[in-house]
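One-letter residues, chain by chain:
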Amino acid sequence: MPEVVMKNILEKSNFQSILKLRKVSRDFRNFIDDEKPEFHLEIIGIHMTSGQIKIFLKGLSENKAPHIEYQKHEKGCQIVCSRRTKSKTYLLENEDFVEAFCREFEQIMSHQQTSVLLSFSLTAPNIPEKFKLVLKEKPIPIKTQIFAMTTNTHSQIMDVLPHMNPKYLKELCFYSSANSRLKKWIFDDIIESDQWKTAKTLEAVQFFVDVPLKNFHHFTAGNYFVNAVTAEEYFELKENYLNSNKLKRVFIGYLDEEPLKEQELHALFGKPYFPNPRRKVDRGRWYFRVAATDRAIHFVLYFAKTLQFSLVNLSEVPSNAELR
């Protein structure tokens, strides 16, 4: 088949078709491996356990995204490809399921060079060393707008996070897979990474961190827990949002048993507003106008050790609330 014809076929094929064409013949496989046509994947999701690895792939305009499972089998590696109600099973004898997955993942990512993923997610209580090596040896960092990771400990985040391209990263999501009460995670290395400094949205729940609130100033949207905060840190965060004018909505939970003192809050923020003075559902609300705009910063401090910063229109500010 002429080379120009094969190129035209690949240009009109989605990633699933390209993977199938690669198995047609040795010549076609070699041609695809040399040309490395772009897959244009939109979503990659990986779920790892001690006995199997699942990967979910979705391309642009794909309605039937496949799930592929690499399962530990007594004779080697069993692969199950599922798409909606249909599935096919293959057995690779004398193959380790982690090795088989890493080889296929490496092949898939070699076709994801220029396009940017919407989301790359990984769930792994323990990350296999082979997968770490694949990420480390990958010549181009993974281009994704959202990076989400669920794991047992904070230490494993830095095994994967540095391999995300910070230039394209917009959102970070970290979750704990341990079924226990809120534990402390160490974020010292994470907050120094380029990926942390570049992202604008953060979701870090099911654990808490003990780092100064100033490390979160650049996030315009988020939901996270810290160990302790002071009224001064809240004030600095409010001033940061007023000056940047990019705030969306941020929820912050804190664990410190020592409550914030009312006089400190009132000295920095002024007298709070209560929607219903007879039935106080929170510790107070404040509104701060953003200069030269028709927007305001809305600050709410809840009883349940949670606070919220959000950007609202001036028309949403109650008429009897003081606009500072």
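Residues numbered from 1 in each chain as written. Predicted model: local features only at pLDDT ≥ 70, side-chain atom pairs only at ≥ 80, totals over all residues. Heavy atoms only, no water.

## Comments concerning the overall build of the protein chain
Here is step 1 of the chain: Each helix and strand in the protein chain was counted, giving eight helices and 15 strands.
Here is step 2 of the chain: In terms of overall dimensions, the protein chain is more spread out than a globule: its C-alpha atoms have a radius of gyration of 25 Å, far above the 20 Å expected for 324 residues.
Here is step 3 of the chain: Counting only C-alpha atoms, the protein chain reaches 75 × 45 × 35 Å along its principal axes.
Here is step 4 of the chain: When burial is assessed residue by residue, the protein chain has 45% of its 324 residues classed as buried. (Helix = DSSP H or I, 4+ residues; strand = E, 2+ residues; numbered from the N terminus. Rg over C-alpha atoms; globule rule 2.2 N^0.38 Å. Buried < 20%, exposed > 50% of the residue type's maximum accessible area, 1.4 Å probe, protein only.)

## Some points on the UniProt feature "domain: F-box" (unreviewed entry) in the protein chain
Here is step 1 of the chain: The feature "domain: F-box" (unreviewed entry), as given by UniProt, occupies residues 1-43 in the numbering adopted here.
Here is step 2 of the chain: Counted over residues 1-43, helix gives 60% and strand 7%. Its end C-alpha atoms are 33 Å apart. (UniProt positions renumbered as here; feature names shortened; annotations may be inferred.)

## A closer look at helix α3 (residues 26-35)
Here is step 1 of the chain: Looking at α3, one finds that the buried residues are F28, F31, I32 and D33.
Here is step 2 of the chain: Where α3 is buried, its residues meet α1 (3-11), α2 (15-21) and α4 (97-109).
Here is step 3 of the chain: After α3 finishes, the residue K36 shows a positive phi value of roughly 50°. (Contact = heavy atoms within 4.5 Å.)

## Describing the pairing of strand β5 (residues 86-93)
Here is step 1 of the chain: In terms of burial, β5 is a largely surface element, zero of the eight residues being buried.
Here is step 2 of the chain: Inspection of the sheet shows strand β4 (residues 76-83) paired to β5 by eight bridges, in the antiparallel sense. Paired with Q78 across the two strands is L91, which belongs to β5.
Here is step 3 of the chain: Connecting β4 to the next strand, β5, in antiparallel fashion are two residues, including R84 with a positive phi near 60°. (Pairing = 2+ DSSP bridges.)

## Overview of the pattern of salt bridges
Here is step 1 of the chain: The tally for this structure, following the rule as stated, stands at twelve salt bridges.
Here is step 2 of the chain: With a closest N to O distance of 3.5 Å, K7 and E3 form a salt bridge. Here E3 and K7 lie together in helix α1, a separation of four residues that amounts to about one turn.
Here is step 3 of the chain: E129 is the salt-bridge partner of K132, the closest N and O atoms lying 3.1 Å from each other. Residue K132 and its partner E129 are located together in helix α5 (residues 129-137), separated by three residues, close to a single helical turn. (Salt bridge = Lys/Arg side-chain N within 4 Å of Asp/Glu carboxyl O.)

## Quick word on the environment of L307
Here is step 1 of the chain: Tracing the backbone shows L307 in strand β15 (residues 306-313).
Here is step 2 of the chain: In this structure, the C-alpha to C-alpha distance between L307 and G253, residues 54 residues apart in sequence, is 6.5 Å.
Here is step 3 of the chain: If near-sequence neighbours (up to four positions away) are discounted, L307 is found in contact with Y234, V250, F251, I252, F299, V300, L301 and Y302.

## Structural notes on the packing of helix α7 (residues 231-244) against helix α8 (residues 262-269)
Here is step 1 of the chain: Put simply, α7 and α8 touch, their axes get as near as 9 Å, and they point 25° apart. In terms of orientation, α7 and α8 fall into the roughly parallel class. In this structure, α7 meets α8 at a crossing whose hand is right-handed. Residue-level contacts link A231, E232, Y234, F235 and K238 of α7 to E264, L265, L268 and F269 of α8.
Here is step 2 of the chain: Its residues placed into classes, the contact of α7 with α8 shows six nonpolar, no polar and three charged. (Axes fitted to C-alpha atoms, helices over the stretch in contact; angles between N-to-C directions. Parallel < 35°, antiparallel > 145°, perpendicular 65-115°, else oblique. Left-handed = near helix turned anticlockwise from the far one by under 90°. Nonpolar A, V, L, I, M, F, W, Y, C, P; charged D, E, K, R; others polar.)

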